[in-house]
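Chains, contacts and geometry: an overview
For reference, the chains in residue letters:
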Amino acid sequence: MFKKILVANRGEIALRIICACKELGIRTVAVFSEADRYALHVRFADDAICIGPPKSADSYLNIPSVIAAAEVSNVDAIHPGYGFLSESPYFCEVCEASRIRFIGPSSEAIRLMGDKARARSEMKRFGLPVLPGSSDSVQSEKEALSTADAIGYPVIIKAVAGGGGRGMRVVHDRTELINALKTAQAEAAGAFGVPHCYIEKYIEHARHIEFQVLADEYGNVIHLGERECSIQRRHQKLIEESPSVIMTEELRNRVGSRVVRAMQEVGYSSVGTIEFLVDEKHQFYFMEMNTRIQVEHPVTELVTGIDLIRDQILMAAGDRLPYRQDDIRFRGHAIECRINAEDPVTCRPSPGKITTWHAPGGPGVRIDTAAYAEYIIPPYYDSLIAKLVVQGADRTEAIHRMERALDMFVIEGVRTSIPLHRQILAQPDFRRGEIYTRFLEDLSNPQPRAIQVAG
Ligand code: MV4
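Residues numbered from 1 in each chain as written. Predicted model: local features only at pLDDT ≥ 70, side-chain atom pairs only at ≥ 80, totals over all residues. Heavy atoms only, no water.

**Concerning the overall build of the chain**
Across its full length, the chain carries 15 helices and 20 strands. Taken over the C-alpha trace, the chain has a radius of gyration of 22 Å; the compact-globule value for 455 residues is 23 Å, and the two agree within 12%. Along the first, second and third principal axes, the C-alpha set of the chain runs to 60 × 50 × 45 Å. Charged side chains in the chain number 54 positive and 60 negative. The centres of these two groups are separated by 0 Å. (Helix = DSSP H or I, 4+ residues; strand = E, 2+ residues; numbered from the N terminus. Rg over C-alpha atoms; globule rule 2.2 N^0.38 Å. Lys, Arg positive; Asp, Glu negative; His and termini not counted. Charge placed at Lys NZ, Arg CZ, Asp CG, Glu CD.)

Shown next as structure tokens:
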């Protein structure tokens, strides 16, 4: 077992990793930027090392600084959290070359899943359904046209290096295709340094449902059910829940067992998430895989009772998976609201000092946060300040519990997304579980209109 872990992250996820380490009896080393001296991950880790100036590129993304901190503090492993270096195959390789265990999958798995077109074709080969589309990135305008003609419009153009919806373009007819492809490729080249794009059939009214997996290094893989993440704004998830309202035990077993088999075929280890688009007929189509722990992992922890971060650390240390699929039980319903420090109208970040902070408690409420009264939210990082997660016996109880917890969450000094969450939860469509990709667009603009998928 590891004796000491460096936490290469900040905010609530750094604290969450420190919680798991404390319970496992593992010492922790925090790294922090000059903007994070008063952050709680610095306070609660056993040691803390400043790794550079406020900008992420100079600190949390600076591989030589992070590795130097790991070497001087003599850690056995690095936990990358989410974002930052968590999905960098290169960082994973540097860790292993420095004889520091990267807590996550192999660099090969990260690299494969980071190429969204390759991931799509490999997962298809291993038995997961994918939407009709190009078999890899499109190599010419002629190929783009023939692919789109064959699958039929509308189609969507996605960057192979994208993910999370960045740099996507929906194309409604043949005349728009070439211009859209050129724009998408130029955007992808600018944003990711790689212009390659692929084409897929576009589904309107899709749901986003993802499966959590957990795998050890000996070929044992289980799934921990699904999370529905259809409530998104500009490709940022706002609300996640488990189970999905469309899920039945039969459907979960069917999709889950296919996911498990595909993960065994690729030799995956660690935690991972397989994202699906789901159409109105409840057909599942593989979209992409995330090879990190995700923001919304607590939703799965509440319904399964499993500590995903602890198990991720144990799998990286070479432990065997302590459960079989049959041991996993799903209890009740969990919902997470991401509380962001942002203007509820413009959705722009709202950094600054939190003057009043009261976090709700009571039965069935969990809050993952690194904020506190008098804390100053720096402007350099993402605006997530708390994850409010509730569990109830069923979806109705969970919604009522979330509403009262939102009522009792008092944050003053900065603007937050709490009012937006209250508005979404009050929607009749949300309460009926009729949630799909356009939910928020339709909430602010109720007339039917053409879909715009912004880059
Ligand atoms: C799609 C799609 C429709 N058809 N792909 C991909 C990343 C995710 N953030 C948005 N993505 C989409 N991919 C095909 N072939 C629609 C979306 C989409 C979406 C998906 C789930 C939840 C909200 C969404 C909002 C806009 C677009």
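**Points about the sheet that holds strand β19 (residues 384-392)**
The sheet built from 8 strands is open, its strands ordered β13-β12-β9-β10-β11-β14-β19-β17 with antiparallel pairing. Both edges of this open sheet fall to β13 (284-290) and β17 (365-369), since each of them pairs with a single strand only. Ignoring strand direction, the axes of neighbouring strands in this sheet form an average angle of 25°. Relative to strand β12 (residues 270-278), strand β9 (residues 207-215) is paired through 9 bridges, and the arrangement is antiparallel. Looking at the pairing, Glu-210 lines up with Glu-275 of β12. Taken strand by strand, helix α1 (residues 11-24) contacts β17 and β19, and its axis lies near 110° from that of β17. (Pairing = 2+ DSSP bridges. Axes fitted to C-alpha atoms, helices over the stretch in contact; angles between N-to-C directions. Contact = heavy atoms within 4.5 Å.)

**Digging into the packing of aromatic side chains**
Taken as a whole and judged by the stated rule, the model has 9 aromatic pairs. Measuring from ring centre to ring centre gives 6.1 Å for Phe-211 and Phe-276, while their planes differ by 85°; the resulting arrangement is edge-to-face. Placement of Phe-211 in strand β9 and of Phe-276 in strand β12 is noted, with a sequence separation of 65 residues between them. On the basis of relative accessibility, which here comes to 0%, the residue Phe-211 falls in the buried class. Members of the aromatic cluster, connected to one another through ring pairs, are Tyr-60, Phe-84, Tyr-380 and Tyr-381. Stacked on the ring of Tyr-218, the Lys or Arg Arg-320 has its end atom at 4.3 Å from the ring centre. When the ring centre of Phe-430 is taken as origin, the NZ or CZ atom of Arg-395, which lies over that ring, is 4.7 Å away. (Phe/Tyr/Trp six-rings, centres within 6.5 Å; stacked < 30°, edge-to-face > 60°. Buried < 20%, exposed > 50% of the residue type's maximum accessible area, 1.4 Å probe, protein only. Lys NZ or Arg CZ within 6 Å of the ring centre and 35° of its normal.)

**Quick word on the environment of Asp-216**
Among the structural elements, Asp-216 can be located in the loop between β9 and β10 (221-233). A relative accessible area of 1% places Asp-216 in the buried class. At 2.8 Å, the side chain of Asp-216 forms a polar contact with the backbone nitrogen of Tyr-218. (Polar contact = N/O pair within 3.5 Å; in protein donor to acceptor, adjacent residues only side chain to side chain.)

**Overview of the pattern of salt bridges**
All chains considered together, the criterion is met by 38 salt bridges. Arg-324 is the partner of Asp-327 in a salt bridge, and the nearest nitrogen-oxygen pair spans 3.4 Å. For Asp-327, a relative accessible area of 37% gives the class partly exposed. Residue classification places Arg-324 among the exposed residues on the basis of a relative accessible area of 59%. Notably, a salt bridge pairs Arg-415 with Asp-343, separated by 3.7 Å at the nearest N-O pair. Taken together, the residues span a long stretch of sequence, with Arg-415 in the loop between β20 (410-412) and α13 (418-426) and Asp-343 in the loop between β14 (333-340) and β15 (352-353) at a distance of 72 residues. Since its relative accessible area comes to 49%, Arg-415 is described here as partly exposed. (Salt bridge = Lys/Arg side-chain N within 4 Å of Asp/Glu carboxyl O.)

**A short note on the sheet that holds strand β7 (residues 169-171)**
If you trace the 3 strands from one edge of the open sheet to the other, you get β7-β6-β8, paired in antiparallel fashion. For this open sheet the edge positions go to β7 and β8 (197-201), each flanked by a neighbour on one side alone. On average, each strand axis in the sheet is tilted by 25° relative to the strand beside it, whichever way the strands run. Sheet topology note: the strand β6 (residues 155-159)/β7 ladder contains 3 bridges and is antiparallel. Across the sheet, the residue bridging to Val-155 is Val-171, located in β7. On top of the sheet, helix α7 (residues 141-151) reaches β6 and β8; it is set at about 15° to β8, its chief contact.

**Details of the packing of α7 against helix α8 (residues 174-192)**
Two numbers describe how α7 lies on α8: the axes approach to 10 Å, and their chain directions differ by 130°. Taken as axis vectors, α7 and α8 run oblique relative to one another. By crossing handedness, the relation of α7 to α8 is classed as right-handed. Together, Glu-141, Ala-144, Leu-145, Ala-148 and Asp-149 of α7 and Arg-174, Leu-177, Ile-178, Leu-181 and Lys-182 of α8 make up the contact between the two elements. Here the contact of α7 with α8 is composed, by residue class, of 6 nonpolar, no polar and 4 charged. (Parallel < 35°, antiparallel > 145°, perpendicular 65-115°, else oblique. Left-handed = near helix turned anticlockwise from the far one by under 90°. Nonpolar A, V, L, I, M, F, W, Y, C, P; charged D, E, K, R; others polar.)

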